[in-house]
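Spelled out from the first residue to the last, the chains are:
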Amino acid sequence: FKEQKRLFEDAVILGMPELIEQAKEKSIDIESEMVALSYIAASMEATEAEQLEQITIDFSEYNINALEAYGRLSKNEDVKQSRLIDLTAEEKAIRKTLEKYKQKYSSQHKERLNNVGNDTRKFSQYSFIGFIIIALASISVVGLIITISIIKPLNKTVTAVDKIAKGDFSVSLSLGDDEIGQLSS
(Lines give C-alpha, C1' and ligand atoms only; values in the text may rest on other atoms or scores of the structure.)
Protein backbone atom coordinates (compact mmCIF):
# COMPACT_ATOMS: atom_id res chain seq x y z
CA PHE A 1 0.00 0.00 0.00
CA LYS A 2 2.83 2.37 0.90
CA GLU A 3 4.66 1.46 -2.30
CA GLN A 4 1.60 2.26 -4.37
CA LYS A 5 1.28 5.64 -2.64
CA ARG A 6 4.99 6.30 -3.35
CA LEU A 7 4.47 5.44 -7.02
CA PHE A 8 1.57 7.90 -7.21
CA GLU A 9 3.67 10.63 -5.63
CA ASP A 10 6.68 9.91 -7.87
CA ALA A 11 4.46 9.96 -10.97
CA VAL A 12 3.22 13.44 -10.04
CA ILE A 13 6.55 14.87 -8.88
CA LEU A 14 8.56 13.46 -11.79
CA GLY A 15 5.78 13.91 -14.34
CA MET A 16 6.01 10.24 -15.35
CA PRO A 17 2.57 8.82 -16.22
CA GLU A 18 4.14 5.35 -16.73
CA LEU A 19 4.55 5.12 -12.95
CA ILE A 20 0.76 5.20 -12.71
CA GLU A 21 0.75 1.87 -14.60
CA GLN A 22 3.14 0.43 -12.03
CA ALA A 23 0.86 1.74 -9.27
CA LYS A 24 -2.06 0.07 -11.04
CA GLU A 25 -0.16 -3.26 -11.09
CA LYS A 26 0.63 -2.79 -7.40
CA SER A 27 -3.07 -2.18 -6.70
CA ILE A 28 -3.91 -5.54 -8.31
CA ASP A 29 -1.45 -7.20 -5.91
CA ILE A 30 -2.98 -5.34 -2.97
CA GLU A 31 -6.51 -6.31 -3.96
CA SER A 32 -5.41 -9.96 -4.28
CA GLU A 33 -3.96 -9.83 -0.77
CA MET A 34 -7.15 -8.26 0.53
CA VAL A 35 -9.19 -11.02 -1.08
CA ALA A 36 -6.91 -13.53 0.65
CA LEU A 37 -7.64 -11.73 3.90
CA SER A 38 -11.33 -12.11 3.26
CA TYR A 39 -10.82 -15.90 3.31
CA ILE A 40 -9.42 -15.47 6.80
CA ALA A 41 -12.60 -13.56 7.60
CA ALA A 42 -14.44 -16.87 7.83
CA SER A 43 -12.77 -17.42 11.20
CA MET A 44 -13.56 -13.91 12.44
CA GLU A 45 -16.55 -12.52 14.17
CA ALA A 46 -19.29 -11.43 11.78
CA THR A 47 -18.73 -7.72 12.41
CA GLU A 48 -14.99 -8.02 11.74
CA ALA A 49 -15.64 -9.95 8.53
CA GLU A 50 -18.06 -7.24 7.39
CA GLN A 51 -15.52 -4.54 8.27
CA LEU A 52 -12.83 -6.34 6.28
CA GLU A 53 -15.15 -6.66 3.30
CA GLN A 54 -15.94 -2.94 3.62
CA ILE A 55 -12.22 -2.09 3.68
CA THR A 56 -11.77 -4.11 0.49
CA ILE A 57 -14.60 -2.16 -1.15
CA ASP A 58 -13.22 1.14 0.18
CA PHE A 59 -9.78 0.29 -1.20
CA SER A 60 -11.21 -0.56 -4.61
CA GLU A 61 -13.05 2.77 -4.72
CA TYR A 62 -9.99 4.63 -3.44
CA ASN A 63 -7.85 2.88 -6.02
CA ILE A 64 -10.11 3.86 -8.93
CA ASN A 65 -10.23 7.49 -7.79
CA ALA A 66 -6.49 7.64 -7.02
CA LEU A 67 -5.50 6.15 -10.36
CA GLU A 68 -7.66 8.71 -12.13
CA ALA A 69 -6.55 11.72 -10.04
CA TYR A 70 -2.84 10.93 -9.90
CA GLY A 71 -2.88 9.92 -13.55
CA ARG A 72 -4.22 13.36 -14.44
CA LEU A 73 -1.72 15.09 -12.17
CA SER A 74 1.19 13.16 -13.72
CA LYS A 75 0.12 14.57 -17.09
CA ASN A 76 0.00 18.09 -15.60
CA GLU A 77 -3.79 18.19 -15.82
CA ASP A 78 -5.81 19.98 -13.16
CA VAL A 79 -7.35 18.09 -10.25
CA LYS A 80 -9.39 19.74 -7.55
CA GLN A 81 -7.48 20.27 -4.32
CA SER A 82 -10.44 18.96 -2.33
CA ARG A 83 -10.31 15.70 -4.30
CA LEU A 84 -6.66 15.18 -3.33
CA ILE A 85 -7.44 15.96 0.31
CA ASP A 86 -10.28 13.40 0.23
CA LEU A 87 -7.98 10.81 -1.33
CA THR A 88 -5.37 11.39 1.36
CA ALA A 89 -7.99 11.04 4.09
CA GLU A 90 -9.33 7.83 2.52
CA GLU A 91 -5.82 6.42 2.21
CA LYS A 92 -5.04 7.21 5.86
CA ALA A 93 -8.31 5.67 7.06
CA ILE A 94 -7.71 2.48 5.06
CA ARG A 95 -4.11 2.24 6.23
CA LYS A 96 -5.12 2.83 9.87
CA THR A 97 -7.77 0.10 9.72
CA LEU A 98 -5.40 -2.33 8.02
CA GLU A 99 -2.73 -1.58 10.62
CA LYS A 100 -5.25 -2.30 13.39
CA TYR A 101 -6.04 -5.70 11.86
CA LYS A 102 -2.36 -6.37 11.27
CA GLN A 103 -1.55 -5.78 14.93
CA LYS A 104 -4.53 -7.74 16.17
CA TYR A 105 -3.98 -10.79 14.00
CA SER A 106 -0.22 -10.79 14.31
CA SER A 107 -0.58 -10.83 18.11
CA GLN A 108 -3.14 -13.65 17.81
CA HIS A 109 -0.78 -15.49 15.47
CA LYS A 110 2.10 -15.06 17.93
CA GLU A 111 -0.12 -16.35 20.73
CA ARG A 112 -1.06 -19.41 18.67
CA LEU A 113 2.59 -20.06 17.84
CA ASN A 114 3.49 -19.77 21.52
CA ASN A 115 0.73 -22.27 22.32
CA VAL A 116 2.10 -24.65 19.69
CA GLY A 117 5.59 -24.21 21.16
CA ASN A 118 4.29 -24.90 24.66
CA ASP A 119 2.37 -27.94 23.46
CA THR A 120 5.49 -29.21 21.71
CA ARG A 121 7.55 -28.75 24.87
CA LYS A 122 4.92 -30.60 26.93
CA PHE A 123 4.83 -33.40 24.37
CA SER A 124 8.63 -33.64 24.50
CA GLN A 125 8.56 -33.78 28.29
CA TYR A 126 5.85 -36.45 28.29
CA SER A 127 7.77 -38.41 25.66
CA PHE A 128 10.92 -38.23 27.78
CA ILE A 129 9.01 -39.34 30.89
CA GLY A 130 7.47 -42.19 28.87
CA PHE A 131 10.91 -43.19 27.63
CA ILE A 132 12.24 -43.22 31.21
CA ILE A 133 9.28 -45.36 32.37
CA ILE A 134 9.81 -47.83 29.52
CA ALA A 135 13.56 -47.94 30.22
CA LEU A 136 12.96 -48.61 33.94
CA ALA A 137 10.40 -51.30 33.10
CA SER A 138 12.89 -52.91 30.70
CA ILE A 139 15.63 -52.83 33.34
CA SER A 140 13.22 -54.42 35.83
CA VAL A 141 12.34 -57.19 33.39
CA VAL A 142 16.03 -57.83 32.68
CA GLY A 143 16.67 -57.90 36.45
CA LEU A 144 13.87 -60.36 36.92
CA ILE A 145 15.23 -62.60 34.18
CA ILE A 146 18.68 -62.47 35.75
CA THR A 147 17.19 -63.32 39.11
CA ILE A 148 15.31 -66.27 37.71
CA SER A 149 18.17 -67.63 35.60
CA ILE A 150 21.15 -67.08 37.94
CA ILE A 151 20.16 -66.43 41.52
CA LYS A 152 17.48 -69.10 41.82
CA PRO A 153 19.80 -71.91 40.64
CA LEU A 154 22.53 -70.58 42.95
CA ASN A 155 20.13 -70.69 45.89
CA LYS A 156 19.23 -74.29 45.01
CA THR A 157 22.94 -75.15 44.82
CA VAL A 158 23.63 -73.48 48.20
CA THR A 159 20.72 -75.40 49.75
CA ALA A 160 22.03 -78.68 48.30
CA VAL A 161 25.57 -77.94 49.50
CA ASP A 162 24.20 -77.24 53.00
CA LYS A 163 22.41 -80.62 53.00
CA ILE A 164 25.58 -82.36 51.84
CA ALA A 165 27.54 -80.53 54.57
CA LYS A 166 25.04 -81.93 57.12
CA GLY A 167 25.62 -85.44 55.81
CA ASP A 168 22.68 -85.89 53.45
CA PHE A 169 24.34 -87.30 50.33
CA SER A 170 21.08 -88.19 48.63
CA VAL A 171 20.74 -84.71 47.15
CA SER A 172 20.87 -84.50 43.39
CA LEU A 173 20.98 -81.33 41.32
CA SER A 174 20.29 -80.95 37.65
CA LEU A 175 20.16 -77.27 36.90
CA GLY A 176 21.21 -77.23 33.27
CA ASP A 177 24.32 -77.14 31.10
CA ASP A 178 25.38 -73.58 31.84
CA GLU A 179 28.02 -72.46 34.34
CA ILE A 180 25.59 -72.62 37.25
CA GLY A 181 24.58 -76.17 36.26
CA GLN A 182 28.22 -77.25 36.02
CA LEU A 183 29.01 -75.73 39.41
CA SER A 184 26.10 -77.57 41.01
CA SER A 185 27.08 -80.96 39.62
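If you're wondering where the values come from, they're calculated on a predicted model, not measured in any experiment.

(A) Representation of the confidence of the model for the protein chain in the model. Chain-level pLDDT for the protein chain is 82 on average; 89% of the residues reach the 70-or-more range. At the low end of the mean pLDDT range in the protein chain sits helix H5 (residues 179-184), at 59; at the high end sits helix H4 (residues 81-165), at 87.

(B) Looking closely at helix H1 (residues 2-14). With 13 residues, H1 extends 18 Å from end C-alpha to end C-alpha; this agrees with the ideal 18 Å at 1.5 Å per step. Taken as a whole, H1 has its buried residues at Gln4, Lys5, Leu7, Phe8 and Ala11. Angular distribution of buried residues about the axis of H1 spans 160 degrees; they occupy a single face of the element. Of the exposed residues in H1, those oriented more than 90 degrees away from the buried face are Lys2, Ile13 and Leu14. Of the residues trailing H1, glycine 15 is marked for its positive phi of about 65 degrees.

(C) Structural view of a nonpolar patch on the surface. A cluster of nonpolar side chains, Tyr126, Phe128, Ile129, Phe131, Ile132, Ile133, Leu136 and Ile139, forms an exposed patch at the surface whose accessible area comes to about 880 Å². For isoleucine 132, the location among the structural elements is in helix H4. Of the residues examined, isoleucine 132 reaches a relative accessible area of 33% and is grouped as partly exposed.

(D) Broad picture of unusual backbone geometry. One non-glycine residue, asparagine 76, adopts positive backbone phi at about 65 degrees. Overall, asparagine 76 belongs to the exposed group, its relative accessible area being 69%.

(E) Highlighting H4. In this model H4 runs 122 Å from its N-terminal to its C-terminal C-alpha over 85 residues, within 8% of the 126 Å that 1.5 Å per residue would give. Helix geometry: H4 is bent most strongly at threonine 147, by close to 35 degrees. Inspection of H4 places Leu84, Leu87, Glu91, Ile94, Tyr101, Pro153, Thr157 and Ala160 among the buried residues, and these make up the whole buried set. Phi turns positive one or two residues past the end of H4, at glycine 167, with a value near 105 degrees.

(F) Here's a closer look at the environment of aspartate 10. Looking at the element boundaries, aspartate 10 is found in helix H1. Separated by 10 residues in sequence, aspartate 10 and isoleucine 20 have C-alpha atoms that sit 9.0 Å apart. Contact partners of aspartate 10, with chain neighbours within four places excluded, come to Gly15 and Leu19.

(G) The nonpolar core, seen in detail. Core analysis: the biggest nonpolar cluster contains 22 residues, and Phe8, Phe59, Tyr62, Tyr70, Leu84 and Leu87 have the highest contact counts within it. No other element matches helix H3 (residues 46-74), which puts 8 residues into this core. Every residue in contact with leucine 84, bar those within four places of it in the chain, is listed here: Ala69, Tyr70, Leu73 and Val79.

(H) Just the environment of glutamate 68, in detail. With respect to the secondary-structure elements, glutamate 68 resides in helix H3. You can call glutamate 68 partly exposed: its relative accessible area is 40%. Spatially, the C-alpha atom of glutamate 68 lies 9.6 Å from that of valine 79, the residues being 11 residues apart in sequence.

Each value, and the rule that gives it
Residues numbered from 1 in each chain as written. Predicted model: local features only at pLDDT ≥ 70, side-chain atom pairs only at ≥ 80, totals over all residues. Heavy atoms only, no water. pLDDT = per-residue confidence, 0-100. Helix = DSSP H or I, 4+ residues; strand = E, 2+ residues; numbered from the N terminus. Expected span 1.5 Å × (residues − 1). Buried < 20%, exposed > 50% of the residue type's maximum accessible area, 1.4 Å probe, protein only. Arc of directions from axis to C-beta. Patch = residues over 30% accessible without salt bridge, like charges linked within 9 Å, V, L, I, M, F, W, Y side chains within 5 Å. Areas by Shrake-Rupley, 256 points an atom, 1.4 Å probe, with all protein chains shown as cover. Salt bridge = Lys/Arg side-chain N within 4 Å of Asp/Glu carboxyl O. Bend = angle between axes of the 7 residues up to and from the residue. Contact = heavy atoms within 4.5 Å. Core = buried A, V, L, I, M, F, W, Y, C linked by side-chain atoms within 4.5 Å.

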